[in-house]
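# An overview of the molecular structure
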Amino acid sequence: MSTSLHKIVEQINQSNHGNDYKEKLIEYSQNLSSNNLPIIFDAYHLAYSIGIEPYRLINLIRDRDDLYNTYKVRKKSGGYRWIMSPMEELKIVQTWIKVNILDKVNIHESANGFIKDRSIVTNANKHVKKETILNIDLYRFFDTISEKRVYHLFKKLGYTEKLSYDFSRLLCVNTPKKYWKEIKRENRLRKKVIRMKPSVLPQGAPTSPIISNLLCLKLDQVLYKYCEKSNLDYTRYADDITISGNKKSMPKLKKIKSIIRQNGFTVNINKIRFTSKHKKQTVTGLTVNDGVYVDKRIIKEINQELYYCIKYGYKSHLEFKFKDSKIKSNYKDWLYGKICFVYSVEKEKGQQLLKKFNMIDWNI
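Residues numbered from 1 in each chain as written. Predicted model: local features only at pLDDT ≥ 70, side-chain atom pairs only at ≥ 80, totals over all residues. Heavy atoms only, no water.

### Looking at the state of the cysteines
- Counting across every chain of the model gives 0 disulfides.
- Cysteine Cys309 shares no disulfide, and the gap to the nearest cysteine sulfur, in Cys340, comes to 16 Å. (Disulfide = S-S within 2.5 Å.)

### Things to note about the layout of surface pockets
- Within this model, the second largest pocket holds a volume of roughly 1,200 Å³.
- Taken together, 40 residues make up the lining of the second largest pocket; nearest its centre are Thr144, Ser146, Arg149, Asn263 and Gly264.
- The element contributing the most residues to the lining of the second largest pocket is helix 7 (residues 147–157), with 7 residues.
- Split into classes, the residues belonging to the lining of the second largest pocket amount to 16 nonpolar, 12 polar and 12 charged. (1 Å grid on protein atoms, 1.4 Å probe; cavity = no way out; pocket = protein on both sides within 12 Å on 5 of 7 lines; lining within 4 Å. Points joined across faces, edges and corners; volume = space filled by probe spheres on them. Helix = DSSP H or I, 4+ residues; strand = E, 2+ residues; numbered from the N terminus. Nonpolar A, V, L, I, M, F, W, Y, C, P; charged D, E, K, R; others polar.)

### Some words on the packing of aromatic side chains
- For the structure on display, the rule yields 16 aromatic pairs.
- When the centroid spacing of 6.1 Å and the interplanar angle of 20° are considered together, the rings of Tyr308 and Tyr312 count as stacked. Here Tyr308 pairs with Tyr312, and both are found in helix 14 (residues 296–312), just 4 residues apart, close to one helical turn.
- You can call Tyr308 partly exposed: its relative accessible area is 36%. (Phe/Tyr/Trp six-rings, centres within 6.5 Å; stacked < 30°, edge-to-face > 60°. Buried < 20%, exposed > 50% of the residue type's maximum accessible area, 1.4 Å probe, protein only.)

### Section: the sheet that holds strand 8 (residues 286–287)
- With antiparallel pairing, 3 strands are arranged side by side in an open sheet as 7-8-9. The sheet terminates laterally at strand 7 (282–283) and strand 9 (293–294), the two strands that pair on one side only.
- For strand 7 and strand 8, the ladder comprises 2 bridges, and the chain directions are antiparallel. By the bridge assignment for strand 8, Val283 is matched with Leu286. (Pairing = 2+ DSSP bridges.)

So, to be careful, I would describe these as geometric facts and stop short of saying anything about function.
Quick look at the structure:
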């Protein structure tokens, strides 16, 4: 028995509660402790565990919809992504929940997004030199994870109904009316969901990535086993699902769609792609035909930027190429970020690009 559990059991035994209730409290505590999770009884106990006054946490739960900065970011594929970033105090609470609870729960081995020591590279590695690759995108991945699903996640972890509800309130948010109008126009989600307009997992909260992975556990398990039977490889990076192997063994799309729907997600029908080995195969943006490589177009773009900056000076290059672009204000960081991306995938190429980057005189 851990020290904290032993102390809590002692406190329960010394309390004035009846024996039956004491037994329930001890069982509850033992269950959480056995799963390496913090023992928390209610919102007040949660507040003390985090180190804030209980009334402040209660206010966060009550006012959560007013505690996000909301803005839209244009997606490369078209349309917009709604970002809802929590304000500082709520973010601190969410981070505590992530570190002390969510990070301690096991995630399926096939998941590669938002996990330490896993990346788009580990995700792509599984699909190198395959005859056929199937890429599937999940439609509005975070947005289809409702407060109800987050509540059931915490309930399944062993927390009380009331506390699970409080957790779900702290980690989800009601989206603006304009958001649901956009969803309605796209006409991909069930009409019942659109009518209900549930609170959802906000893109921008520190807890949302790990929650999405935990709520994909059953989906990953089912798809992994299904693919394993046919000697196929399966991985998932956030909303990107990849299945690869021999052409004859590839699964029927109807079956994969059915599994995804049964697990509470929706397929983006515009982003389903079968690719044979005779064409360029990509997984999470990386080319995988003969190894894991950065797309040649990205390398070419970076080399062009470096060439013009070195030859004409970066200020002259910016005036010419990025006259009306936001890139202009943080060009150095933008270019360096692209090079770091290459370095993370192909170290040698990244080093060569960094050498050229360091040749740029940032004063002219």
